[in-house]
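A structural walkthrough
Listed below, chain by chain, are the residues.
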Amino acid sequence: MTTTPHPLVTGAQRLAHDLLVPQAELVDQESVPASHVEAVKRAGLLGVVAPREYGGADAPVAVARETAEILAGACCSTWFVQTQHHTPVKLLTTYDSPVREKLLRPLATGELMAGIAFAHVRAFPRVPVRAVAERGGWRFEGRVPWYTGWGLNDVMLLAGVTDSAEVVFVFAEARAQPGLTPSAPMRLAALTAARTVSLELDGLWVPDESVVLRTSQEEFALVDLPRAANASPAVFGVADAALDLVAQAPEGRETARSLRARLDEVRQEAYALADRPAPQDSVPERLAVKTRAYELLRAATTAAIVAGGGRSMALDNRAQRLAREGMFLLVQGQTAEARRTHLGSLASDQPRRGAARARSVRDGTFPQNSASRTST
């Protein structure tokens, strides 16, 4: 976290307090409105890490993380829609291409908003979307299983894999068009409001001048796997918001204090790892810290439900919304390696916890109340 609030952090806090938090439960039951996206744009949050020469803020990575935590803790659906935008901006900043001069400035200033359609590349050697060179451009065939922000985004960063295992990244308009058909918006257990669809690609053609990067699948994985193994700032943002609720209950103050201290420790470790070079052999260490962050997220959102009692079950209750958002974050951007690590941690941890509790009950050291009360 930054020591002196950056103007973008202050702006994000104001946006969260004045708009996102008060409307979060309503948005959760409906959809992220275009007015929320416009508010994010006005706050300058779409250009956090974009170069100044293209109209961005070129802010330190700590500022990008802190603003992400604030938005996710305030309204995770709004955070998830806008977070898609930052990867295309980073890619255009990193790689020089004709499309960079066309799109980077409008993306950095918020004139345009981008979504992403490339997570399916991680399924290799399975190829959900195939790219084929054709008449001065590229034709895309297959199905993008998840695309977030449909109806809010102007352009999308789309990737496909060629028969020679080359990954081709292009920009395309985020609208129904010949060769691109969106599904109806998905109804999900969490973040339905983020306007997620699947995309059927039946010969979508994109010209060569819209290509931003071509790289081998092996090189893509070399960069992507360590990066995907890092803990997301959203995990810490949602956990913090849940602990704020826990702290509001008199009997929850000590629980909130203890969990927050552990959360701050893991946050510091996770961000220190993310700032280090990311060789392949760092993936297990990063995944271990990410899994610890997940466990604290689960503890924080569970504590918020418990502290709220029966009221937590109402659909307009903040605790249950945060719990569902936490559930979503467990699988957001999930890789096979992350899944194996998380499941392995759960398998090894639960018996140990159960045995420890059994021993404490047997020894008379497990805390028990002489009276119970049902909270409604």
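Here goes a summary of the coordinates provided. (Residues numbered from 1 in each chain as written. Predicted model: local features only at pLDDT ≥ 70, side-chain atom pairs only at ≥ 80, totals over all residues. Heavy atoms only, no water.)

1. Things to note about the nonpolar core
Where we set the bar: Side-chain atoms within 4.5 Å link the members of a nonpolar core, which is a set of buried Ala, Val, Leu, Ile, Met, Phe, Trp, Tyr and Cys residues. A 1.4 Å probe rolled over the protein chains alone gives each residue an accessible area, and that area as a share of the maximum for its type sets the label: buried under 20%, exposed over 50%, partly exposed in between. Labels follow the DSSP assignment, with helices taken as runs of H or I lasting at least four residues and strands as runs of E lasting at least two, numbered in each case from the N terminus. Throughout, a residue-residue contact means that at least one pair of heavy atoms, one from each residue, lies within 4.5 Å.
By size, the foremost hydrophobic cluster in this structure holds 64 residues, and its most contacted members are Leu15, Leu45, Trp79, Phe236 and Leu329. If you list the elements that add at least two residues to this core, you get α1 (7-29), α2 (34-42), α3 (61-74), α4 (76-94), α7 (233-248), α8 (253-275), α9 (283-308) and α10 (318-331). Once you skip the residues sitting within four places of it in the chain, Phe236 turns out to touch Glu69, Ala231, Leu263, Val266, Arg267, Ala270, Tyr271 and Ala293. Of all hydrophobic cores here, the second largest spans 24 residues; its members include Tyr54, Leu104, Phe171 and Leu213.

2. Re the pattern of salt bridges
Applicable threshold: Just to be clear on terms, a salt bridge is a Lys or Arg side-chain nitrogen sitting within 4 Å of an Asp or Glu carboxyl oxygen.
Summed over the entire model, instances satisfying the criterion amount to 24 salt bridges. Between Asp163 and Arg130 there is a salt bridge, and its shortest N-O distance comes to 2.6 Å. Within this pair, whereas Asp163 is found in the loop between β4 (155-161) and β5 (166-173), its partner Arg130 is found in strand β2 (residues 129-134), the two being separated by 33 residues in sequence. A residue is classified by how much of its surface remains accessible, and Arg130, at 32% relative accessible area, is partly exposed. Put simply, Glu69, Asp240, Asp244, Arg260, Asp264 and Arg267 are held in one network by salt bridges that share partners.

3. Structural notes on the packing of α1 against α2
Selection criterion: Note on method: axes are straight lines fitted to C-alpha atoms, helices fitted across the in-contact stretch only, with angles between N-to-C directions ranging 0 to 180 degrees. Throughout this description, any angle smaller than 35 degrees is read as roughly parallel, any larger than 145 degrees as roughly antiparallel, any in the 65 to 115 degree range as roughly perpendicular, and the remainder as oblique. For any helix crossing, the convention is left-handed if the near helix is rotated counterclockwise from the far helix by under a right angle, and right-handed if that rotation is clockwise. Residue type decides the class: Asp, Glu, Lys and Arg count as charged, Ala, Val, Leu, Ile, Met, Phe, Trp, Tyr, Cys and Pro as nonpolar, and the leftover types, Gly among them, as polar.
Where α1 contacts α2, the two axes come as close as 12 Å, and the packing angle between them is 160°. For the element pair α1 / α2, the angle class is roughly antiparallel. As for how α1 packs across α2, the hand of that crossing is left-handed. Of the residues in α2, those in contact with Leu15, Leu19, Leu20, Gln23 and Val27 of α1 are His36, Ala39 and Val40. By residue class, the composition of the contact of α1 with α2 is six nonpolar, two polar and no charged.

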